[in-house]
Amino acid sequence: MQLILHEYNLKLKHTFTISRESIDFQPSLIVELQSEGYSGFGEATSNPYYHTTVPMMRADLENIRSLIENTTTETPEEFWDKVHPYLKEDMFALCALDLAYNDLYARKKGKKLYELWNFTTDKNPLTDYTIGIASIEKMVAKMKELPWPIYKIKLGTQEDIEIVTELRKHTDAIFRIDANCGWGVEETISNSVALKKLGVEFLEQPMKADNWEAHKEVYKHSALPIIADESCIIESDVAKCHNHFHGVNVKLVKCGGLTPGKRMLEEAKKLGLKTMVGCMTESTVGISAIAHLLPLLDYVDMDGALLLDKDIATGVTITYGKIDYPDGNGTGVTLL
């Protein structure tokens with residue numbers, strides 16, 4: 001097996017702002033694994049909140065190149081267990097590697113990844129489309145630029161209710177709110193009442209990740225379901241979120257890929273939690289991997305590639321929230 005690393009700096013259509021940062025470009029690392037005439041692809045992007053850079057991911061993968069390239073017939077689960085001890089401090093690199101290996105493994109088996117998992121896709125959820133923090137005028141303009149059935153609205157400002165009130169005047173779409181840890185307990189409970197009246201479906205991670213007492217308080221009193229994001233990073237976090245959140249948003253780059261992500265979703269379902277997978281601002285390489293988990297999900301946020309000015313790959317396509325799979329096996333990705 002051969003490891004090939006591709007670096008990109010993905011240009012966004014618009015400046016993308018959340019409660020803690022703004023970006024115009026998104027550095028990304030694509031992992032390609034070649035074997036027996038097949039290529040599998042995976043992706044992870046840099047992220048200052050998680051202290052992850054593309055050079056760091058590249059270095060961590062180069063450090064175990066021989067271990068990776070000496071892999072032969074291991075299942076994705078066996079491969080993940082083999083490389084995890086070396087990449088446990090760099091889950092983003094582990095994710096890109098795991099995505100590529102799952103893709104390669106399924107291609108060698110002659111199946112789409114969801115077929116290999118014996119999933120059916122007839123009840124897949126629609127993806128939302130994200131509106132980043134901006135002036136109300138710009139947020140309305142972004143909605144009008146792309147009419148969509150579900151919008152995820154980034155908040156964490158002093159005018160949050162005013163923003164949603166104004167946006168509601170321009171669409172009947174479902175709203176989901178992501179405050180990215182920007183609120184406190186009373187603010188979250190109060191906002192939940194006002195936002196429920198404005199047609200909001202749920203709130204995602206309104207408060208700081210490690211404030212479990214606050215999460216419990218909000219869980220008891222919120223008028224809307226609360227979905228964990230920054231509080232649900234790795235597999236052991238799922239059980240912690242039970243009775244503190246109504247659901248979990250699993251991010252593949254944070255947990256180390258499809259292999260642990262799938263286990264987290266299955267555990268969450270057993271605990272009665274709502275299941276969601278979210279994306280980063282990333283290309284169709286990462287987005288296509290998420291698509292194969294759709295049969296496990298109640299909600300999905302996989303619009304990352306739609307935010308790009310120019311994509312670097314083909315794979316799944318998204319039309320008015322509906323995800324269509326490409327003809328190819330594995331995750332179906334082709335690098336342009």
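Residues numbered from 1 in each chain as written. Predicted model: local features only at pLDDT ≥ 70, side-chain atom pairs only at ≥ 80, totals over all residues. Heavy atoms only, no water.

- Taking an unreviewed UniProt entry as the reference, the protein is identified by name as Dipeptide epimerase belonging to Flavobacterium polysaccharolyticum.
- Listed in UniProt under the heading Sequence similarities (unreviewed entry), the comment for the protein reads: "Belongs to the mandelate racemase/muconate lactonizing enzyme family." (UniProt positions renumbered as here; feature names shortened; annotations may be inferred.)

A few points about unusual backbone geometry
And step 1. In the Ramachandran plot, histidine 51 falls in the positive-phi region, its phi being about 55° despite a non-glycine side chain.
And step 2. If you trace the backbone, histidine 51 turns up in the loop between strand 3 (38-45) and helix 1 (54-62).
And step 3. Despite not being glycine, asparagine 118 has its phi angle at roughly 60°, a positive value.
And step 4. Within the fold, asparagine 118 resides in the loop between helix 5 (113-116) and strand 4 (129-131). (Helix = DSSP H or I, 4+ residues; strand = E, 2+ residues; numbered from the N terminus.)

Brief notes about the pairing of strand 6 (residues 174-178)
And step 1. Where burial is concerned, most of strand 6 is hidden: four out of the five residues are buried.
And step 2. Two strands pair when backbone bridges link them, and strand 5 (residues 150-154) and strand 6 are joined in this way by five bridges, in the parallel orientation. Paired with tyrosine 151 across the strands is phenylalanine 175, a residue of strand 6.
And step 3. Taken together, strand 5, helix 7 (residues 160-168) and strand 6 form a β-α-β motif whose crossover is right-handed.
And step 4. Pairing analysis gives three bridges linking strand 6 to strand 7 (residues 200-204), with the strands arranged parallel. Of the residues in strand 7, the one forming a bridge with aspartate 178 is glutamate 204.
And step 5. Taken together, strand 6, helix 8 (residues 185-197) and strand 7 form a β-α-β motif whose crossover is right-handed. (Buried < 20%, exposed > 50% of the residue type's maximum accessible area, 1.4 Å probe, protein only. Pairing = 2+ DSSP bridges. Right-handed = clockwise from strand over helix to strand, strands pointing away.)

Details of the sheet that holds strand 10 (residues 274-278)
Each strand in a sheet pairs with another by means of backbone hydrogen bonds, the pair being arranged parallel or else antiparallel.
And step 1. Reading across from one edge, 4-5-6-7-8-9-10-11 is the order of the eight strands in this open sheet, with parallel pairing throughout. Each edge of the sheet is formed by a strand with only one pairing partner; in this case those strands are strand 4 and strand 11 (299-301). Adjacent strand axes in the sheet meet at a mean angle of 25° when their direction is disregarded.
And step 2. Inspection of the sheet shows strand 9 (residues 247-251) paired to strand 10 by five bridges, in the parallel sense. Following the sheet pairing, lysine 251 is matched in strand 10 by glycine 278.
And step 3. Strands in contact with helix 8 are strand 6, strand 7 and strand 8 (226-228); relative to strand 7, the strand with the most contacts, it is inclined by about 160°.
And step 4. Across the sheet, helix 12 (residues 258-270) lies against strand 9 and strand 10, angled at about 155° from strand 10, the strand it touches most. (Axes fitted to C-alpha atoms, helices over the stretch in contact; angles between N-to-C directions. Contact = heavy atoms within 4.5 Å.)

Concerning the pattern of salt bridges
When charged atoms on two side chains of opposite charge get close, those side chains can pair.
And step 1. The full count for this structure, using the stated rule, is 22 salt bridges.
And step 2. Residue arginine 58 pairs with glutamate 7 through a salt bridge whose shortest N-O separation is 2.6 Å. Of this pair, arginine 58 sits in helix 1 while glutamate 7 sits in strand 1 (residues 2-18), placing them 51 residues apart in sequence.
And step 3. Its relative accessible area of 45% is what places glutamate 7 among the partly exposed residues. (Salt bridge = Lys/Arg side-chain N within 4 Å of Asp/Glu carboxyl O.)

Here we look at the packing of aromatic side chains
And step 1. Scanning all chains against the criterion turns up 10 aromatic pairs.
And step 2. Ring geometry for phenylalanine 79 and tyrosine 101: centres 4.1 Å apart, planes at 15°, overall stacked. Separated by 22 residues along the polypeptide, phenylalanine 79 in helix 3 (residues 76-87) and tyrosine 101 in helix 4 (residues 91-109) bring together distant segments of the chain.
And step 3. Accessibility expressed as a relative area gives 1% for phenylalanine 79, which makes it buried. (Phe/Tyr/Trp six-rings, centres within 6.5 Å; stacked < 30°, edge-to-face > 60°.)

Here we look at the layout of surface pockets
Gaps left between atoms are located by rolling a probe of water-molecule size over the structure's atoms.
And step 1. Looking at the largest pocket, its volume works out to about 390 Å³.
And step 2. Along the wall of the largest pocket there are 29 residues; nearest its centre are Phe16, Ile18, Cys279, Met280 and Thr281.
And step 3. The set of elements that each furnish at least two residues to the lining of the largest pocket consists of strand 1, strand 2 (21-35) and strand 5.
And step 4. When residues of the lining of the largest pocket are assigned to their parent elements, the largest contribution, five residues, is made by strand 2.
And step 5. Partitioned by chemical class, the residues of the lining of the largest pocket number 11 nonpolar, seven polar and 11 charged. (1 Å grid on protein atoms, 1.4 Å probe; cavity = no way out; pocket = protein on both sides within 12 Å on 5 of 7 lines; lining within 4 Å. Points joined across faces, edges and corners; volume = space filled by probe spheres on them. Nonpolar A, V, L, I, M, F, W, Y, C, P; charged D, E, K, R; others polar.)

Observations regarding empty space enclosed by the protein
And step 1. In total, this model carries two cavities of 30 Å³ or more according to the counting rule given.
And step 2. By volume, the largest cavity is sized at about 100 Å³.
And step 3. In terms of lining residues, the largest cavity is bounded by Leu12, Lys13, His14, Thr15, Phe16, Tyr129, Thr130, Gly132, Lys142 and Leu307.
And step 4. Of all the secondary-structure elements, those providing two or more residues to the lining of the largest cavity are strand 1 and strand 4.
And step 5. Per-element accounting of the lining of the largest cavity gives the leading share, five residues, to strand 1.
And step 6. The volume enclosed by the second largest cavity comes to roughly 60 Å³.
And step 7. Lining the second largest cavity we find Glu43, Cys95, Leu99, Lys251, Leu252, Val253, Gly278, Cys279, Met280, Glu282, Gly286 and Ile290.
And step 8. Only helix 4, helix 11 (252-255) and helix 13 (284-291) provide two or more residues apiece to the lining of the second largest cavity.

Section: the pairing of strand 9
And step 1. The element strand 9 is extensively covered by neighbouring structure, given that five of its five residues are classed as buried.
And step 2. Burial of the side chains of strand 9 extends over both faces: Gly247, Asn249 and Lys251 are buried on one face and Val248 and Val250 on the other.
And step 3. When strand 8 meets strand 9, the two strands line up parallel, connected through two bridges. Bridge assignment links isoleucine 227 to a residue of strand 9, and that residue is glycine 247.

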